[in-house]
Amino acid sequence: MDKMKMQKTTNHALEKMRSGSVSSWTNPDSGNSGTVTPMRTFKTASGYCREFQQKVIVGGKEQDAHGTACRKPDGTWEIKS
């Protein structure tokens, strides 16, 4: 359930949110939560990509990550790194 909430929030943030805007998710059943912050948007030969920052709190421990995702032709986002 955590992974599904995180993926849904990530897709929404990458598709709809302005750079620097924070989107968050929480799973009340597990107590885990996180945020996704889209950063720079850029265009490649295959379409649009966005850099993002992600923070996940699992079992009270915080983990930070940074990555790049690109929009696929079906409108979903694929994490590249």
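Remember, it's a predicted structure, so these values are computed and weren't measured experimentally. (Residues numbered from 1 in each chain as written. Predicted model: local features only at pLDDT ≥ 70, side-chain atom pairs only at ≥ 80, totals over all residues. Heavy atoms only, no water.)

*Asks:* Would you mind showing me how to read the pairing of strand S3 (residues 47-58) here?
*Replies:* Along any regular strand, the residues point their side chains to alternate faces of the sheet. The pairing of strand S2 (residues 33-44) with S3 spans ten bridges and is antiparallel. Residue pairing for S3: Phe 42 is matched across the bridge by Cys 49. Hairpin remark: S2 followed by S3, antiparallel, with two residues in the connecting loop. Strand direction decides the pairing type here: S3 and strand S4 (residues 61-71), joined by ten bridges, are antiparallel. Residue pairing in the sheet places Glu 51 in a bridge with Thr 68 of S4. From the end of S3 to the start of S4, which pair antiparallel, there are two residues, and Gly 59 there has a positive phi angle of about 60 degrees. (Pairing = 2+ DSSP bridges. Helix = DSSP H or I, 4+ residues; strand = E, 2+ residues; numbered from the N terminus.)

*Asks:* Even after reading the chapter, I still don't get the pattern of salt bridges, so can you show me in this structure?
*Replies:* Close approach of charged atoms allows side chains of opposite charge to pair. Using the criterion set out here, one finds four salt bridges in the structure. One salt bridge in this structure joins Glu 15 and Arg 71, with 3.0 Å as the shortest N-O distance. One end of the pair, Glu 15, is in helix H1 (residues 2-16); the other, Arg 71, is in strand S4, and 56 residues separate them in sequence. On the accessibility criterion, Arg 71 (32% relative accessible area) is partly exposed. When the shortest N-O distance is used, the salt bridge between Glu 51 and Arg 40 registers 3.2 Å. Of this pair, Glu 51 sits in strand S3 while Arg 40 sits in strand S2, and the two are eleven residues apart along the sequence. (Salt bridge = Lys/Arg side-chain N within 4 Å of Asp/Glu carboxyl O. Buried < 20%, exposed > 50% of the residue type's maximum accessible area, 1.4 Å probe, protein only.)

*Asks:* Explain the state of the cysteines to me, please; I cannot follow it from the model alone.
*Replies:* In protein structure, a disulfide is the covalent linkage between the sulfur atoms of two cysteines. Using the criterion set out here, one finds one disulfide in the structure. Residue Cys 49 pairs covalently with Cys 70 via a disulfide, S to S 2.0 Å. The disulfide joining Cys 49 to Cys 70 has a torsion of about 100 degrees about its S-S bond and is therefore right-handed. Of the two residues, Cys 49 is situated in strand S3 and Cys 70 in strand S4; the sequence distance between them amounts to 21 residues. (Disulfide = S-S within 2.5 Å.)

*Asks:* Which parts of the structure should I look at to understand the sheet that holds S3?
*Replies:* In any sheet, the strands associate via hydrogen bonds between backbone groups, in a parallel or an antiparallel arrangement. One open sheet accounts for five strands, arranged S1-S2-S3-S4-S5; its pairing is antiparallel. Of all the strands in the sheet, the pair left with one neighbour each is strand S1 (23-26) and strand S5 (77-79). Strand-to-strand twist across the sheet, computed as the mean angle between neighbouring axes with direction ignored, equals 30 degrees. Pairing between S1 and S2: four bridges, direction antiparallel. Bridging from a neighbouring strand, Ser 23 pairs with Val 36 of S2. Taken strand by strand, H1 contacts S1, S2, S3, S4 and S5, and its axis lies near 165 degrees from that of S1. (Axes fitted to C-alpha atoms, helices over the stretch in contact; angles between N-to-C directions. Contact = heavy atoms within 4.5 Å.)

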